[in-house]
Amino acid sequence: MRTWIVAGNWKMNNTIAEAVALAKAIKDGTATLKRGEVILAPPFTSLQSVSQTINDSRVALAAQNMHQEEKGAFTGEVSPVMLKDCGCTHVIIGHSERRKYFHEKDADVNLKVKKALACGLKPIMCVGETEEEREKNVTRAVVGRQVKEGLRGVEKINNVVIAYEPVWAIGTGKVATSAQAQEVHSFIRVILKDLFGDGAASNTRILYGGSVTKDNIGELIAMEDIDGALVGGASLKADGFLGIIKNIAEKK
């Protein structure tokens, strides 16, 4: 049985002091969890402090992005080696905001996924269609391409997590229906089966993201192929994030 995951992407929010306070509240609120994985992705500036705060707890640390090289003249970038040094075990790659605002392409995502794995980080690879693409009925074509290109050349998918985040649902208050989300998650498993075999299709965790709250996660997590959530805005308040975790833990 696949272990559920709830990951909080704090995006460009929280000072170090705010991040530490939020991380401590989540650490305390998950201390009695018997199963599942909780991951926090603060800004780069807070990684070290949050790492120290959640040490010896059930909570893991992720970065929101990384460069595909381990070191070099790349001003303003952060390498996977540096992330590991801060205590990261995971890294979010290919988020739609990175694709939209920073023009990351599938090939960039692929390089980062492979480098993350090579450096011992577990990538959370994001895929998802825009509202225009969904209206044109090309969701499968878009998501299929992103999955295949993002995983091109990856030999072992054991440590890869995939997050399906329809772009039209991120930060908009719109949420895919449970049926819509399940359809795409199931489709992703078909692709994984074609690429890596039955084991990968059965064992790879696929998360849903896009305006997730404690009030709507119950219906989503009840779907067979949804293994958790990548949470944005609702992860910035401890009670809302812990409510999502509680609702998932009760159903999975």
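Residues numbered from 1 in each chain as written. Predicted model: local features only at pLDDT ≥ 70, side-chain atom pairs only at ≥ 80, totals over all residues. Heavy atoms only, no water.

## Topic: the overall build of the protein chain
Under the convention used in this document: Secondary structure elements follow DSSP: runs of H or I no shorter than four residues count as helices, runs of E no shorter than two count as strands, and numbering proceeds from the N terminus. Whether two residues touch is decided by their heavy atoms; if any such pair falls within 4.5 Å, the residues are in contact.
In terms of regular secondary structure, the protein chain is built from 11 helices and eight strands. Dimensions of the protein chain along its principal axes, counting C-alpha atoms only, are 45 × 45 × 35 Å. Pairs at least 24 residues apart make up 71% of the contacts formed inside the protein chain by residues separated by at least 6 positions.

## A short note on the pattern of salt bridges
What counts, and what does not: In what follows, salt bridge is the name for a side-chain nitrogen of Lys or Arg lying within 4 Å of a carboxyl oxygen of Asp or Glu. The buried label goes to any residue with under 20% of its type's maximum accessible area, the exposed label to any with over 50%, and the partly exposed label to all in between, with areas taken from a 1.4 Å probe on protein chains only.
Scanning the entire structure with this criterion turns up 18 salt bridges. The partner of Glu104 in a salt bridge is Arg98, and the shortest N-O contact between them spans 3.0 Å. Using a relative accessible area of 9% as the deciding quantity, one classes Glu104 as buried. Here Arg134 ties to Glu129 by a salt bridge, and the two come within 2.7 Å at their closest N and O atoms. Ionic contacts of the salt-bridge type, sharing partners, join the residues Arg2, Arg189, Asp225 and Asp227 into one network.

## Regarding the state of the cysteines
The following threshold applies: When two cysteine sulfur atoms lie within 2.5 Å, the pair is treated as a disulfide.
According to the stated counting rule, one finds zero disulfides in the structure shown. In this model Cys86 remains outside any disulfide bridge; the closest cysteine sulfur is found in Cys88, 6.1 Å from its own. Free cysteine Cys126: the closest other cysteine sulfur is in Cys88, separated by 15 Å. On the basis of relative accessible area, Cys126 is assigned to the buried category, the value being 2%.

## Comments concerning the pairing of strand β5 (residues 122–127)
This is how it is decided: Pairs of strands are assigned from DSSP output, requiring at least two bridges between the strands.
Of all six residues making up β5, five are buried, and the element is well covered by its neighbours. The pairing of strand β4 (residues 90–93) with β5 spans four bridges and is classified as parallel. Among the inter-strand pairings, His90 is bridged to a residue of β5, identified as Lys122. As defined by bridge partners, β5 adjoins strand β6 (residues 161–164) across four bridges and the pair is classed as parallel. Bridge pairing in β6 places Met125 opposite Ile162.

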